[in-house]
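One-letter residues, chain by chain:
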Amino acid sequence: MKNNIFLIGFMGTGKSTVADVLYRKYGMRVLDMDNAIEEKEGMSISEIFKIHGEEYFRNLETSLIMSLEDKDNIVVSCGGGTALRKENVDAMKKYGRVILLDATPETIFERVRHSNNRPLLEGNKNVEFIRDLLSQRIDRYKAAADEIIKVDDKNAEDVCKEIMKA
Ligand code: S3P
């Protein structure tokens, strides 16, 4: 059994921030999927969506997950859609533990309202849209998760402590 940790959850639940704290405070090795994909493609997520489309991006996510087969002891900060494909989830479960960061639509809205690199939220930055998309996804997120951590009202340090305990 490998000891990788996969952080999953909706946009704005703090996956990248938490992974960053796990790196800085606990010295864990981190892979941020969105960053890795942007680097590989030489363009932003928004540009990838605009130029190649969402399906192309989803295939890049799957290739990246599959390429982690040989890795151990890393924290993977997934994109918000990574845990929606069954093949991705099957691979994540084989390669480590899956931790869901769970937040209310209101918390998510507060955290994403000023960001501009999330194509699915462009023109949709409101609580109703987030609630609707989250409700379409939450069952799949929960089914993928080995652990669920509620992140409302917690800072990244608190979430990291819970992850270390888990
Ligand atoms: C997506 C979430 C984003 C990014 C892309 C699609 C999604 O990642 O992968 O914009 O489908 O939820 P973050 O969750 O890191 O924002």
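As the structure is a computational prediction, the values presented were derived from the model and not from experiment.

Q: Could you give an account of the pattern of salt bridges, with specific residues and numbers?
A: Per the counting criterion, the structure on display carries 14 salt bridges. A salt bridge links Lys93 to Asp146; the shortest N-O distance between them is 3.2 Å. Residue Lys93 is found in helix α5 (residues 86-95), and its partner Asp146 is found in the loop between α7 (127-144) and β5 (147-150); the two are separated by 53 residues along the sequence. The class of Lys93 is partly exposed, set by a relative accessible area of 32%. Taking the relative accessible area as the measure of exposure, Asp146 reaches 36% and is therefore partly exposed. The salt bridge involving Glu110 is made with Arg113; its shortest N-O contact spans 3.3 Å.

Q: Could you give an account of the nonpolar core, with specific residues and numbers?
A: Ranked by size, the top nonpolar core spans 56 residues in total, and within it Phe6, Val18, Met92 and Ile163 carry the most contacts. Setting aside its immediate chain neighbours within four residues, Phe6 contacts Ile65, Leu68, Val76, Cys78, Met92, Tyr95, Gly96, Arg97, Val98 and Ile99.

Q: Please give an account of the sheet that holds strand β4 (residues 96-102) that cites residues and values.
A: Spatially, β2-β3-β1-β4-β5 is the arrangement adopted by the five strands of the open sheet, whose pairing is parallel. Since the sheet does not close on itself, it has two edges, and those belong to β2 (29-32) and β5, each with one partner. Within the sheet, the average angular offset between the axes of one strand and its neighbour, ignoring direction, is 25°. Judged from the three bridges that link them, strand β1 (residues 4-8) and strand β3 (residues 74-77) form a sheet pairing that is parallel. Across the sheet, Phe6 pairs through a bridge with Val76, a residue of β3. Helix α1 (residues 15-26) rests against β1, β2, β3 and β4 of the sheet, and its axis sits at about 160° to β3. On the sheet, helix α2 (residues 33-41) packs against β2 and β3 and is oriented at approximately 65° with respect to β2.

Q: Which residues make up the site of the ligand, and what values do they have?
A: Not every one of the 13 residues close to the ligand is listed here, only the nearest: Lys15, Asp34, Arg58, Arg118 and Arg137. At 2.9 Å, a backbone N or O of Gly80 approaches an oxygen atom of the ligand. In the environment of the ligand, an oxygen atom lies 2.7 Å from a nitrogen or oxygen atom belonging to the side chain of Arg137. Expressed as a share of its isolated accessible area of 390 Å², the protein-covered part of the ligand is 97%. When grouped by side-chain class, the residues that make up the shell around the ligand number five nonpolar, three polar and five charged.

Q: Residues and numbers for the packing of helix α6 (residues 105-112) against α7, please.
A: Between α6 and α7, whose axes approach to 9 Å, the crossing angle comes to 120°. Classified by the interaxial angle, the pair formed by α6 and α7 is oblique. Judged by the sense of rotation from one axis to the other, the crossing of α6 with α7 is right-handed. Contacts between α6 and α7 involve Pro105, Glu106, Ile108, Phe109 and Val112 from the first element and Val127, Ile130, Arg131 and Leu134 from the second. Tallied by class, residues from the contact of α6 with α7 come to seven nonpolar, no polar and two charged.

Parameters at a glance
Residues numbered from 1 in each chain as written. Predicted model: local features only at pLDDT ≥ 70, side-chain atom pairs only at ≥ 80, totals over all residues. Heavy atoms only, no water. Salt bridge = Lys/Arg side-chain N within 4 Å of Asp/Glu carboxyl O. Helix = DSSP H or I, 4+ residues; strand = E, 2+ residues; numbered from the N terminus. Buried < 20%, exposed > 50% of the residue type's maximum accessible area, 1.4 Å probe, protein only. Core = buried A, V, L, I, M, F, W, Y, C linked by side-chain atoms within 4.5 Å. Contact = heavy atoms within 4.5 Å. Pairing = 2+ DSSP bridges. Axes fitted to C-alpha atoms, helices over the stretch in contact; angles between N-to-C directions. Near = heavy atom within 4 Å. Polar contact = N/O pair within 3.5 Å; in protein donor to acceptor, adjacent residues only side chain to side chain. Areas by Shrake-Rupley, 256 points an atom, 1.4 Å probe, with all protein chains shown as cover. Nonpolar A, V, L, I, M, F, W, Y, C, P; charged D, E, K, R; others polar. Parallel < 35°, antiparallel > 145°, perpendicular 65-115°, else oblique. Left-handed = near helix turned anticlockwise from the far one by under 90°.

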